[in-house]
Amino acid sequence: MRRAAAARRVSRRVGARPLLKGVHLPEVDEFQTSSGLKVLFAERGPLPLVALQLWLPAGSAADPKRKDGLADFTASLLRRGTRKRTADELNEAVEFCGASLACGAEEDFLSVRINAPSEHLRPMLEILAEVVRWPSFPRKEVESTRTRLLAQLANDLDDPGVVAERALLRALWDDHPYGHDVVGTAKQVRTFTRQDAVAFQRSRFGPRVGLLVIAGQGEARDVKAVAERVFGDWEGGPDRALATPPLQPPVLSGRTLLVDKPEQTQSQIRIGGRGIPRGSEDIFAASLMNTALGGSFTSRLVEAIRVKRGLSYGVSSGFERLMAAGSFAVSTFTKTETTRAAIDLCLLELAKMRRKGPSAEELDVAKRYLTGLFPLRFETNEAVAGALAEIRLYGLGDDWVERYRERLLQVTVEEARRVARKYILAEPPAIVVVGNAAQVKKQLSGLGPVSVREVSQLQ
Amino acid sequence: MPNGLKVRLLSNRAAPIASVYTFFKVGSRNERPGITGISHLFEHMMFNGSKRYGPKQFDRVLESHGGRSNAYTSHDMTVYHEEVAAEALEVVFDLESDRMASLAINDTSLESEREVVKEERRLRVDNEPTGLLDEELGALMWKAHPYRWPVIGWMGDIENIAREDCERYFRTYYAPNNAALYVVGDLDPGRTLALVRRYYGGIPPGPPTPPVVNSEPEQRGERRAVLHHAVHAPSLMLGYHAPSARDEDTLALDVLQYALTVGDGSRLARSLVFERPLVVGVSMDWSWRTDPGAIVFYLELKPDSRPQSVEKALYDELDKVRSHRLSPRELAKAKNNLKSHLLQGLATNSGKAHALGSYELLRGSWRSSLDLASRYEAISAEQVRAASERHLVPEKRSVATLLPSGAGR
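Sequence order as written defines the numbering, with residues in each chain counted from 1. To read the labels, note that chains go from A and ligands from 1, taken in the order they are written. Side-chain atom pairs in this predicted model are given and counted only at pLDDT of 80 or more, local residue features only at pLDDT of at least 70, and totals for whole chains, interfaces and linings cover all residues.

### Observations regarding the overall build of chain A
Consideration 1: For helices the rule is a DSSP run of H or I covering at least 4 residues; for strands it is a run of E covering at least 2, with both sets numbered from the N terminus onward. Along chain A, the regular secondary structure elements total 17 helices and 12 strands.
Consideration 2: C-alpha atoms define the radius of gyration, and 2.2 Å times the number of residues to the power 0.38 defines the globule rule. The C-alpha atoms of chain A give 24 Å as radius of gyration, which agrees with the globular expectation for 459 residues (23 Å, within 12%).
Consideration 3: Taking the principal axes of the C-alpha coordinates as reference, chain A spans close to 60 × 60 × 40 Å.
Consideration 4: Here chain A, with 459 residues, has 53% of them falling under the buried criterion. Counts of 20 or more other C-beta atoms within 10 Å of a residue's own C-beta define buried residues, counts of 12 or fewer define exposed ones, and intermediate counts define partly exposed ones; C-beta atoms are placed from the backbone.

Structure representation (structure tokens):
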């Protein structure tokens, strides 16, 4: 009894005021090398570690026509040999220090990232410059990387979750630059040549569009001197990033794409539509609304699908926000027999949210949830460097982090309702199901046109 | 504390957040045939209502105070964790101590949660090649020890676990003397300890937990299993019996793991992925366990690779580490990476709390997090070779092969 009373007291006390104890990014030293490369350095302790990241607007959206996956392919070849070192020598130089190197593409950007003990900051910055500026794309490495990627693309078809994500991209965006997975498709990867990678690196990489971010232990003077030494004479490359066209309505709006994997005892389900591009102010209201819809353990979708009916181990909804466009999708999975039941429940919850938006109480809980957990996003050097890069690359404004929670707290019930109407089922959604088509197809009547594909068509 | 609960607090004022980890010394090794998977199903049930906080309340209260929670179950332990705004620490103690003191298992939520866990099993095992292989390998490697069955349990057992089983399980294993609490973050140690005493102090200790008998007989020859599933490429999972986490060889095997598979320049990545491109990926899982455990290699083949050639290539590499020492540079590289990863693991509150708890449970002391780096430093190339020779014994391995349906029949 005494403990129960104490609990009530706690709830009132904490509930009485917003959780806004300071969250700040470290102070940032900002400069440019004489080649025009922007550099951000955030000194940050207490651990003797450092994160180095170079970002370029050369993501999969910049893949040339009929070369889907070339950005990521080029990125993965950067560490397979430079003018100065072989792949083995590069690996040895990085890994001997206890550092790790990652090169890869996302939709909007390509990045080269190194995490290292801070005593090795200088040699790691040299390696970063070397792989970005002087990759040699050895013929043998191009061949073996392509062969390995084709094998991976074949094996990916055995993972129903991966197949569902790829099918959803097709269903939403098709031949828009965001319509293919960053790793590309087997048909097009097969055509990649050394010259393709060389040309991509030459035309898309350059100091004037790049951003170098370093967070961790180190001295600004030092970073500046080394960055100038290794990037100061970097020449060439584009003056500005390619623009990605905005998204048209979802290609399969109101239709269902059923991908046949006859051996499956469980269906993977995706329900998607248009969302919010980066930079839109709607994101604050939309994040809160989505927290109530399918963004947390107590959300409506989890309650309806998992808690009340035990139909799935997981269900969630979310906005994917990119430079030129965004998408919104619900993701879940359930045993073959209950595929339709799960889809209907998702659609019902989406329709309810669209009609009335979140309640005042749901909005309040979502505010506490998102503001309380916000500081978790900046615990490591990689996370801080990533946040600094994101703010710059998407032009979010330097007070983005400091004001983020305040802006969340200002959202009203009316605004949350408005974004629900604007983004949830504004157009009939595209539905993707990956599973046993013979069993699933008969469950889908009345959902609109259904097209069935073999899984091999998604390679 | 007098009731046996271990409490470890670590202050980190860098940001207004904290992590709370509760480790219970119970996992699938404490189960028996017929109720395999109960540890994991039970972990789910811990979120479904206790005496004062009824069904659904745990997450509701926590989320409305700016926190989130999750949990995982392994062969050896069940771990619950929360990330919260620092001001809401007391709420976490209230919620966690309530479910430790008085879990209320209700039939409706047990039935619903059982379905959720079956879906989890369909996701992770039945429709997932690595899950199928892992389950097959466990049953091949162990004849008597409970490591034989998967943590998630056999489907039939999940269906048959009764409420009474869960209640007995709770009384036996969820007492404070079988648990340890780790709190790391923006906290005042004195005030936090007072809160912990207030919320957990009144929970009575339970009886000592029954010991797990290890009757595993010695393996006297290679064991093999072949599975068929609708996949594009074959894959291989190979297991060798290995020592417990507290064994002298444990840290030498950590070094071996790094030399063999961590980084593109590691031995197996270089030879099997890059030089002779036979596989898409290779990994070595050497997870510390309470009882003598396993070293498991997983190889994802290319669609046109032959499992026999890949096995041969792997054995050639393993023979090398059994008969020759790592070079001084390779040894130093492995240690540098181990130390660097140790440090990176301590960058977050959650990482710190989890490290303290795992080391305490598996190695016997949280102080391992302080002295591990220097203990790795002291390991010699000969120790690594000798440990490889002792544990990577061809006659004591088990090999599970997954082949595309229709192949090799």
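### Focus on the interface of chain A and chain B
Consideration 1: C-beta atoms are placed from the backbone for every residue, and two residues are taken to be in contact when these atoms lie within 7 Å. Each partner contributes residues to the interface: chain A has 55 residues there, and chain B has 55 residues.
Consideration 2: Mapped onto the side of chain A that touches chain B, the elements with two or more residues apiece are α1 (2–15), α3 (87–96), β5 (110–117), α5 (139–156), α11 (300–307), β10 (326–335) and α13 (360–373) of chain A.
Consideration 3: Classes in brief: Ala, Val, Leu, Ile, Met, Phe, Trp, Tyr, Cys and Pro nonpolar; Asp, Glu, Lys and Arg charged; the others, Gly included, polar. For the side of chain A that touches chain B, the residue count by class is 25 nonpolar, 18 polar and 12 charged.

### Structural notes on the sheet that holds strand β2 (residues 17–24) of chain B
One key point about sheets: their strands pair by backbone hydrogen bonds, in either a parallel or an antiparallel sense.
Residues and elements named next belong to chain B.
Consideration 1: A pair of strands counts as paired when DSSP detects no fewer than two bridges linking them. Spatially, the 5 strands line up as an open sheet ordered β1-β5-β2-β4-β3, and their pairing is mixed. For this open sheet the edge positions go to β1 (6–11) and β3 (67–73), each flanked by a neighbour on one side alone. Neighbour to neighbour, the strand axes of the sheet diverge by 10° on average, direction disregarded.
Consideration 2: Pairing analysis gives 7 bridges linking β2 to strand β5 (residues 179–185), with the strands arranged antiparallel. Note that in β5 the partner of Thr22 across the bridge is Leu181.
Consideration 3: Sheet contacts for helix α8 (residues 189–200): β1 and β5; angle to β1, the most-contacted strand, approximately 150°. Fitted lines through C-alpha atoms serve as axes, helices being fitted only where they are in contact, and the angles separating the N-to-C directions of these axes extend from 0 to 180 degrees.

### Examining the pairing of strand β1 (residues 28–32) of chain A
All names here are of chain A.
Consideration 1: For β1 and strand β2 (residues 38–43), the ladder comprises 5 bridges, and the chain directions are antiparallel. Directly across from Val28, in β2, lies its bridge partner Ala42.
Consideration 2: Between the antiparallel neighbours β1 and β2 lie 5 residues, among them Gly36 with a positive phi of about 100°.

### Considering the packing of helix α9 (residues 250–261) of chain B against helix α10 (residues 267–275) of chain B
Residues and elements named next belong to chain B.
Consideration 1: One way to put it is that α9 packs onto α10 with a least axis distance of 3 Å and a crossing angle of 30°. For the element pair α9 / α10, the angle class is roughly parallel. Counted together, Ala259, Leu260 and Thr261 of α9 and Arg267, Leu268 and Ala269 of α10 form the full contact between these two elements.
Consideration 2: Here the contact of α9 with α10 is composed, by residue class, of 4 nonpolar, 1 polar and 1 charged. For this classification, under 35 degrees means roughly parallel, over 145 means roughly antiparallel, 65 to 115 means roughly perpendicular, and everything else is oblique.

### Concerning the domain arrangement of chain B
All names here are of chain B.
Consideration 1: Residue ranges labeled as domains rest on an automatic or database domain assignment. What the domain assignment lists for chain B is domain 1 (6–200) and domain 2 (223–404).
Consideration 2: Relative placement of domain 1 and domain 2: their C-alpha centres are 28 Å apart.
Consideration 3: Contact residues are listed per partner, giving 30 residues for domain 1 and 28 residues for domain 2.
Consideration 4: Counting residues per element, the ones that place at least two in the side of domain 1 that touches domain 2 are β1, β2, β4 (78–85), α5 (129–141) and β5.
Consideration 5: In terms of residue count, the dominant contributor to the side of domain 1 that touches domain 2 is α5 (9 residues).
Consideration 6: For the side of domain 1 that touches domain 2, the class distribution of residues is 16 nonpolar, 7 polar and 7 charged.

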